[in-house]
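Observations on the three-dimensional arrangement
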Amino acid sequence: MKDIAARGAWYAAGLALGAATAVTELLFFLLAGLVLLPVLAWPRARRAALRRAGAAGDRLTALERRRLARFLAVQVPPVRGTAQGTRYLAARCPLGLLGGVVLGCAVIGLAYGSFVFWGWLVTDIRYLGLVAVTSLAGFLLLFLAAQGVFGVALLEGRLARHFLGPSPQDRLEQRITQLATTRAGVLSAVDDERRRIERDLHDGVQQRLVALGMLLGRARRSRDPERAGELLRQAHEESRRALAELRDVAWRIHPAVLDEAGLRAALETVAERTPLPLTLEYEVDGAALARTVETVAYYVVSETVTNVVKHSGATRIGVSLSREGAAGLLRLRVEDDGRGGADPAGGGLTGLASRVAALDGRHAVHSPPGGPTVVSAELPCA
């Protein structure tokens, strides 16, 4: 409730400023017309007047962009041409004035609604019932005006995106570029994963199998039964270690529990296998997640936890997952109390970012020196 009230206050401030700029823009168009009218027949003078008017229009458009970003949380790219900004200014003038009218209705509604409380101080109220009805009507007008504030703010954002946003061709080119980048990132992440698996097999499992073979060979060649028995016991222990390490490698490649029991069970297994205290908050209700979303979410959490254990010097880890809407965004967050200073451009974090980008998601790392480190991701569930 507090967030809605605070956002409404920011919107109201943005609409008040927008009403003032709408009046300024109306005066700008009026003065521009008065300046251009006498010089329409002279091309050189007309071009000079248009340049000056265009420069003034660009400044007004830049002011609108800052107002939208500051008060209405609407981000639009810089204007690519004077004509684009001029069309936007002409289209938003009525909307800016409408915002002023809505705010005026809010002020009137507040004044009438609260008159029953402060009216005693300025006049002698004789018809209390009429005053009460007037106050109720005032509060109704205030409620409708508050709804209008949000509505006009929404229209302001849509109008700005329509006139100042990228064209369909620009959006298509951006999408193609994004897909090419994410495709290259996924290929790089897969290649890094393959090299990691090869390294784990070569440095871990292979070395243990070599040691196992040597122990069995020594036991076979030994003529001392007690010595041969001891070597066989060591070989048996080495085989157990090799199997455990092979299971770890298979788990890091893809845990079977993720397919059998789902994401929550897989993350609970990560918490059990982590040597540090790990708190898991899993608030994902509604329809089941897609397999690709579960896989990426698991790897983001698992690899991040592994990096925390290896490099951060942390004493605790917190993992939280939540979903916004039945088919909205899956938000995950991994936080630790380590020394911080994690490099988002590092190999491990870059690979995670590539996995998230492949699903059109967002990945962020906040790790100031001294900590804490927060790794977050948003994955579309639809």
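This structure is a prediction, so every number in the text was calculated from the model and none was measured.

Phi at Ala73 is positive, roughly 55 degrees, even though this residue is not glycine. When you line up the elements, Ala73 lands in the loop between helix H2 (43-71) and helix H3 (82-113). The phi torsion at Asp360 lies on the positive side, around 65 degrees, for a residue other than glycine. Relative to the assigned elements, Asp360 resides in the loop between helix H11 (347-357) and strand E4 (362-366). Assessed through its relative accessible area of 36%, Asp360 is described here as partly exposed.

Another aspect to go through is the pairing of strand E5 (residues 373-380). Of all eight residues that make up E5, six are buried, and the element is covered over most of its length. Across eight bridges, strand E3 (residues 329-336) lies against E5 in antiparallel orientation. Looking at E5, one finds that Arg331 is bridged to Glu378. As judged from the five bridges shared by E4 and E5, these two strands associate in the antiparallel manner. Along E5, the bridge assignment pairs Ala364 with Ser376. Hairpin connection, E4 to E5: the antiparallel pair is bridged by six residues, and Gly370 has positive phi, about 95 degrees.

Quick look at the nonpolar core now. Counting 34 residues, the largest nonpolar core has Leu263, Leu321 and Leu330 as its most contacted members. Listed by contribution, the elements that provide at least two residues to this core are helix H8 (256-261), helix H9 (263-273), strand E1 (278-283), helix H10 (291-312), strand E2 (317-324), E3, H11 and E5. Among the elements that make up this core, the one with the highest residue count is H10 (nine residues). Those residues within four positions of Leu330 in sequence are excluded, and the remaining contacts are Val284, Leu289, Val293, Ala297, Leu321, Ser322, Arg323, Ala377, Glu378, Leu379 and Cys381. Counting residues in hydrophobic clusters, the runner-up holds 22 residues, among them Tyr11, Leu95, Val102 and Ala160.

Taken as a whole, the second largest pocket holds about 250 Å³ of empty space. As for the second largest pocket, its lining consists of 15 residues, and the residues nearest its centre are Gly8, Ala146, Gln147, Val149 and Phe150. Counting residues per element, the ones that place at least two in the lining of the second largest pocket are helix H1 (2-36), H3 and helix H5 (128-164). With six residues, the single largest contributor to the lining of the second largest pocket is H5. Class assignment for the residues of the lining of the second largest pocket results in 13 nonpolar, two polar and no charged.

This next bit is on the packing of H2 against H3. The geometry of H2 relative to H3 is characterised by a closest axis approach of 9 Å and an angle of 65 degrees between their N-to-C directions. Note that H2 runs across H3; the crossing there is left-handed. The segment H2 lies against H3, with Gly54, Gly57, Asp58, Leu60, Thr61, Glu64, Arg67 and Leu68 engaging Thr82, Gly85, Tyr88, Leu89 and Arg92. Residue classes in the contact of H2 with H3 are distributed as four nonpolar, five polar and four charged.

This part is about the sheet that holds E2. Across the sheet, which stays open at both edges, the five strands sit in the order E1-E2-E3-E5-E4 with mixed pairing between neighbours. The sheet is open, and its two edges are formed by E1 and E4, each paired on a single side. Between one strand and the next, the sheet's axes are offset by a mean angle of 10 degrees, whatever the strand orientation. Sheet contacts for H9: E1 and E2; angle to E1, the most-contacted strand, approximately 170 degrees. On the sheet, H10 packs against E1, E2, E3 and E5 and is oriented at approximately 10 degrees with respect to E3.

Procedures and definitions
- Residues numbered from 1 in each chain as written.
- Predicted model: local features only at pLDDT ≥ 70, side-chain atom pairs only at ≥ 80, totals over all residues.
- Heavy atoms only, no water.
- Helix = DSSP H or I, 4+ residues; strand = E, 2+ residues; numbered from the N terminus.
- Buried < 20%, exposed > 50% of the residue type's maximum accessible area, 1.4 Å probe, protein only.
- Pairing = 2+ DSSP bridges.
- Core = buried A, V, L, I, M, F, W, Y, C linked by side-chain atoms within 4.5 Å.
- Contact = heavy atoms within 4.5 Å.
- 1 Å grid on protein atoms, 1.4 Å probe; cavity = no way out; pocket = protein on both sides within 12 Å on 5 of 7 lines; lining within 4 Å.
- Points joined across faces, edges and corners; volume = space filled by probe spheres on them.
- Nonpolar A, V, L, I, M, F, W, Y, C, P; charged D, E, K, R; others polar.
- Axes fitted to C-alpha atoms, helices over the stretch in contact; angles between N-to-C directions.
- Left-handed = near helix turned anticlockwise from the far one by under 90°.

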